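# Summary of the model geometry
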Amino acid sequence: MAPRKLAAGNWKMNGDLAALAEIDSLCGTHGNASCDILICPPAVLIHAMKERVGDHAIAIGGQDCHAKPSGAHTGDISAAQLKDAGASHVILGHSERRADHGETDADVAQKASAAFDAGLVAVICVGETEAERDAGQTLDVIGRQLSGSVPQAAHAGNCVIAYEPVWAIGTGRTPTNDQIAEVHAFMRNKLAAAVADAADISLLYGGSVKPANASEIFSIAHVDGALVGGASLKASDFGAIISALDAAG
Ligand SMILES: O=C(CO)COP(=O)(O)O
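Rules used in this analysis
- Residues numbered from 1 in each chain as written.
- Predicted model: local features only at pLDDT ≥ 70, side-chain atom pairs only at ≥ 80, totals over all residues.
- Heavy atoms only, no water.
- UniProt positions renumbered as here; feature names shortened; annotations may be inferred.
- 1 Å grid on protein atoms, 1.4 Å probe; cavity = no way out; pocket = protein on both sides within 12 Å on 5 of 7 lines; lining within 4 Å.
- Helix = DSSP H or I, 4+ residues; strand = E, 2+ residues; numbered from the N terminus.
- Buried < 20%, exposed > 50% of the residue type's maximum accessible area, 1.4 Å probe, protein only.
- Contact = heavy atoms within 4.5 Å.
- Core = buried A, V, L, I, M, F, W, Y, C linked by side-chain atoms within 4.5 Å.
- Polar contact = N/O pair within 3.5 Å; in protein donor to acceptor, adjacent residues only side chain to side chain.

## Structural notes on the UniProt feature "binding site: substrate" (unreviewed entry) in the protein chain
UniProt's feature table lists "binding site: substrate" (unreviewed entry) at Asn10, Trp11, Lys12, Gly170, Ser208, Gly229 and Gly230, given in the numbering used throughout. Spanning 221 residues, the annotated positions come together in the fold, the maximum distance between their C-alpha atoms being 13.9 Å. From the set just named, the residues that line the largest pocket comprise Asn10 and Lys12. Its place among the elements puts Trp11 in the loop between strand S1 (6–10) and helix H1 (21–30). Assessed through its relative accessible area of 1%, Trp11 is described here as buried. Setting aside residues up to four positions removed in sequence, Trp11 forms contacts with Ala19, Ile23, Ile39, Cys40, Pro41, Pro42, Leu45, Met49, Gln63, Ser232 and Leu233. Its location among the elements puts Gly170 in the loop between strand S6 (159–163) and helix H8 (177–192).

Here's what the structure looks like:
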């Protein structure tokens, strides 16, 4: 088996019911793509988006979940609730949550275990800050985040890893091909020490992926797809990225 190709969109705190028209458009143009497609809207849109997708092969995901299955946690959402609303995936450990909510690697690992228990695929994010890259610490940081955030129960069927350099998110800047290749090869090796089928885990790149740079990024070894922020909001842009992934060998 080879890792599955995945084009994933993270809508972050964007979109409303009217924006689901973009999903209708995406279903019309890319509902039968050969790569996997995932869209992670704000949680309030999951159910409606799932209904809109219907029988098209577009998966829906959350952007976070609580580590506990239920209880007195005002404002939080459990993995089982995401699943009940129609999600099959959940993004965990995004750098915006690590920064804004103080999430630690241990927090992310607990949430990932909760996601596995609920039958969700966890899309676990890792990535260095610009200061860490400038200090030559990139691989140390990624290694530490992978060790701390990916539970032992992870395997290719329930886990996807996204490398998102913090400094490349929403900035229009991307690492060089060599820099992406170095981190992705490192992640593949590092996971092999922890997970039996690590060679089959999909490794995504995220950070300023656009239609204009997608083909080049998808040509890099061990890049199995992308986690796309801004360019996932419009069906025309996200569709072009899906087409680029479909065309990549
Ligand atoms: O954070 C990201 C996806 O999770 C990337 O965002 P941008 O594609 O907007 O840079």
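And the narrative resumes.
## A look at the nonpolar core
Judged by nonpolar contacts, the single largest core of 65 residues is most densely connected at Ile161, Met187 and Phe218. In terms of residue count, the dominant contributor to this core is helix H10 (residues 235–247) (6 residues). If you look at the next biggest cluster of nonpolar residues, it comprises 13 residues, including Leu6, Ala8, Ile91 and Leu227.

## Focus on the environment of Asn177
Note that Asn177 resides in helix H8. Owing to a relative accessible area of 28%, Asn177 belongs among the partly exposed residues under this scheme. Considered as a pair, Asn177 and Ile217 are 40 residues apart in the sequence and their alpha carbons are 7.0 Å apart. Beyond its immediate chain neighbours, meaning those up to four positions away, Asn177 contacts Glu216 and Ile220. In this structure the side chain of Asn177 is engaged in a polar contact, spanning 3.0 Å, whose partner is the side chain of Glu216.

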